[in-house]
Amino acid sequence: MGGGTPQLGFSRHVLNNMPGITLLGNPALTVFAMDFNVAATTMFIVDSTAAATPLLRTLALANGTPTTIAPLSGLAAADAITDLTINPTSGATFLSTSDGTNSALWSVSLTTGAATLIGSMGAGIVIDLAVNCSGAMYAHDISTDSLFSVNPATGARTLIGAHGLAANFAQGMDFDNNDGQLYAWIYTGGGTYTYGTFNLATGAITPLNTNTPPGEWEGSVQNTCAPPSANLSLTKTATAPTPVVLGSPVTFTLTVANAGPSAAAAVVVADPLPGNVAYVSNTCGATVAAGTLTWSIGALANGATQNCSITTNVSATGAISNTATVASSTTDPTPGNNVGTVSLGGVPAVARAVPTTGSMALWLLALLTLGAGLVGVARRH
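Cut-offs and rules
Residues numbered from 1 in each chain as written. Predicted model: local features only at pLDDT ≥ 70, side-chain atom pairs only at ≥ 80, totals over all residues. Heavy atoms only, no water. Helix = DSSP H or I, 4+ residues; strand = E, 2+ residues; numbered from the N terminus. Buried < 20%, exposed > 50% of the residue type's maximum accessible area, 1.4 Å probe, protein only. Contact = heavy atoms within 4.5 Å. Areas by Shrake-Rupley, 256 points an atom, 1.4 Å probe, with all protein chains shown as cover. Core = buried A, V, L, I, M, F, W, Y, C linked by side-chain atoms within 4.5 Å. Polar contact = N/O pair within 3.5 Å; in protein donor to acceptor, adjacent residues only side chain to side chain. Phe/Tyr/Trp six-rings, centres within 6.5 Å; stacked < 30°, edge-to-face > 60°. Salt bridge = Lys/Arg side-chain N within 4 Å of Asp/Glu carboxyl O. Pairing = 2+ DSSP bridges. Axes fitted to C-alpha atoms, helices over the stretch in contact; angles between N-to-C directions. Disulfide = S-S within 2.5 Å.

Secondary structure assignment for the protein chain yields 1 helix and 29 strands. A burial count over the protein chain gives 42% of its 381 residues as buried. Of the contacts formed within the protein chain by residues at least 6 apart in sequence, a portion of 56% connects residues at least 24 apart. By element, 59% of the accessible surface of the protein chain is carried by carbon and sulfur atoms, the whole surface being about 17700 Å².

This is the structure:
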C-alpha cells in the first residue's frame, strides 16, 4: 500500500525490482499494518482510516477490495497501531502500538479482532515488526532509527544497531521466507524513501531503490516457509567377547544424529532384539515389550546426537543379527540412513557329544580289567 502519483493504492512488485511496480487497485484506505497468513493466500490489514475505530480487514489480492473481519478491541485509547505481523510458521499474530513515548506488543485474534497486551517494548516508537520462519521477531524503532530483536513472549527488546537513515512515520518491513532476508520500505519524509535490506547482525541497510516510484509505502512479502526437514541417521554397533558362546554378554550401541537443517520432533527408535539374546538393561530409559526395544528420544536439535547402550546375554546358538530404525514426525529428506544393522558370527553350542560304546566292547573291557587284577594277585604268591 502506498501514496504518490500514479501508484496510490494497492500494488505488487518483484522483490528486487520496485521500479517495476504494478498498480492493482485503490481501496482508498489508510493502512500502516499488513501481513500475509501462513499459507500466503490472504492479506490481513489494519484499516486506520477512522483512527478511533481501527478495523481488522482482508484485501482481495487481485484488486485490493477490502472485507471487514471485526473492529480491533482491547487496545489502549492512547495507542496508535503501527504494524501487524504474522508468524509465518505458527500463525501467531502480533500488533505493535505507540503512544508517542513508549511502544507495546500485543497478540491479536484474526477471527475476532480482540487484542491482548503481551508487554512493553520500552521507550521509543516501534514502527514496524517482522517475524521469520524460525519465530525470531525484529522491530524497527524510528526514535533511534535502529533495528532491535524482540522477545515475542514478553515484548522485551535488544538493540542490534542503527541503520543511518532519518526514518519518519509510515513504512513497512517483512522477511523473504525463501532466504531469510529482511526487506524494508523506509520513509524519510517529504516524499522520499529507501527500499532495501537489513543486516540482522548490525542493523545496517543496503539500499536497493530510492524514490522510484515516489510514495510512502507499507509492504509485505508473499511467500511461505519451507516445511521443516531433518536428516536423521542411525548407526548400530556391538561389543562382545571372542569367541561368542552361550551366556556371553553382548552390548549393542545405538547412535542417532540429526544433520538438520531443522530440529526433529517426536524421534523414536525401534529395535527388535535378536531371538537368541536375552535382554538385561539399557542406558536411555527405553522400554522393551514383545522382544522390541522402543527408545523415545523426543525432540532432537539440529546437530545433536543421542546414544543408547543395550546389554544382553547370548541365550541360544546361531548367528546374531540386529537391525534398528529411527523415525520422526518431521520430514526426513534422506530416509535411507535411518536404519542401522550389526551382525556377529555364529554362536556354537558349549557342550560336546560323548561317544557311545557297544555292549560287547564293554564286556571285553571288563574281562581285561579283571584279568589284569588276577595277574596282579598271582604274582603276590
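Further remarks concern the nonpolar core. Counting 27 residues, the largest nonpolar core has Leu254, Val256, Val267, Val269, Trp295 and Ile320 as its most contacted members. Secondary-structure elements contributing two or more residues to this core are β21 (230-239), β22 (249-261), β23 (264-272), β26 (292-300), β27 (305-314), β28 (318-327) and β29 (339-347). Contact partners of Leu254, with chain neighbours within four places excluded, come to Leu234, Thr235, Lys236, Val269, Asp271, Leu293, Trp295, Gln306, Asn307, Cys308, Ile310 and Ala324. Counting 14 residues, the second largest nonpolar core, distinct from the first, contains Ala33, Leu56, Leu72 and Trp106.

Within the fold, Asp47 resides in strand β5 (residues 43-47). Owing to a relative accessible area of 5%, Asp47 belongs among the buried residues under this scheme. At a separation of 2.5 Å, a polar atom in the side chain of Asp47 contacts the side chain of Thr49. A polar atom in the side chain of Asp47 sits 2.8 Å from the side chain of Arg57. Beyond its immediate stretch of four places on either side in the chain, Asp47 contacts Leu29, Thr30, Thr53, Pro54, Leu55 and Arg57.

What follows is about the packing of aromatic side chains. Within the structure shown, the criterion is met by 3 aromatic pairs. Taken together, the aromatic side chains of Tyr183, Trp185 and Tyr195 make up a single cluster linked through ring pairs.

Before going further, it helps to spend a moment on the environment of Met43. In this fold, Met43 is placed in strand β5. Judged by relative accessible area, Met43 falls into the buried class, the value being 3%. With 16 residues separating them in the primary sequence, Met43 and Leu59 have C-alpha atoms 5.6 Å apart. Every residue in contact with Met43, bar those within four places of it in the chain, is listed here: Phe10, Met34, Asp35, Phe36, Arg57, Thr58, Leu59, Leu61 and Ser220.

The next point concerns the side chain of Thr85. Inspection of the secondary structure assignment puts Thr85 in strand β8 (residues 80-86). A relative accessible area of 1% means that Thr85 is categorised as buried. Within polar-contact distance, the side chain of Thr85 engages the side chain of Asp35 at 3.3 Å. With sequence-adjacent residues up to four places away left out, Thr85 is seen in contact with Asp35, Ala92, Thr93, Phe94, Leu129, Ala130 and Val131.

Bringing the pattern of salt bridges into the picture now. Pairing between side chains of opposite charge can happen when their charged atoms approach one another. Taken as a whole and assessed by the stated rule, the structure comprises 3 salt bridges. Put simply, Arg57 and Asp47 hold a salt bridge, and the shortest N to O gap is 2.8 Å. Of the two residues, Arg57 is situated in strand β6 (residues 55-59) and Asp47 in strand β5; the sequence distance between them amounts to 10 residues. Asp141 is paired through a salt bridge with Arg157; the nearest N and O atoms lie 2.9 Å apart. Of this pair, Asp141 sits in strand β13 (residues 137-141) while Arg157 is found in strand β15 (residues 157-162), placing the two residues 16 residues apart along the sequence.

With that settled, consider unusual backbone geometry. Residue Pro243 is bonded to the preceding Thr242 through a cis peptide linkage, with omega at 0°. Tracing the backbone shows Pro243 in the loop between β21 and β22. Cis peptide bonds are those with omega within 30 degrees of zero, and the linkage from Gly260 to Pro261 qualifies with 10°. Its place among the elements puts Pro261 in strand β22. One non-glycine residue, Ala28, lies in positive phi territory at about 55°.

Strand order in the open sheet formed by 5 strands is β25-β26-β23-β28-β29, and the pairing between neighbours is antiparallel. Every other strand in the sheet has two partners, leaving β25 (287-289) and β29 as the edge strands with one partner each. Adjacent strand axes in the sheet meet at a mean angle of 20°, parallel and antiparallel pairs treated alike. Here β25 pairs with β26 via 3 bridges, running antiparallel. The partner of Ala289 across the bridge, within β26, is Thr292.

What follows concerns the state of the cysteines. Following the criterion strictly, the structure yields 2 disulfides and no others. Here Cys284 connects covalently by a disulfide to Cys308, the sulfurs 2.1 Å from one another. Here the disulfide of Cys284 and Cys308 is left-handed, its torsion about the S-S bond being about -55°. Remark: Cys308 occurs in strand β27 and Cys284 occurs in the loop between β24 (277-282) and β25; sequence separation between them is 24 residues.

It is worth spelling out the sheet that holds strand β17 (residues 181-189) at this point. In any sheet, the strands associate via hydrogen bonds between backbone groups, in a parallel or an antiparallel arrangement. Spatially, 4 strands are ordered β16-β17-β18-β19 in an open sheet, and the strand pairing comes out antiparallel. The sheet is open, and its two borders are formed by β16 (172-176) and β19 (205-210), each paired with just one other strand. The mean angle between the axes of side-by-side strands here comes to 25°, regardless of whether they run parallel or antiparallel. Note: strand β18 (residues 192-198) against β19, 5 bridges, orientation antiparallel.

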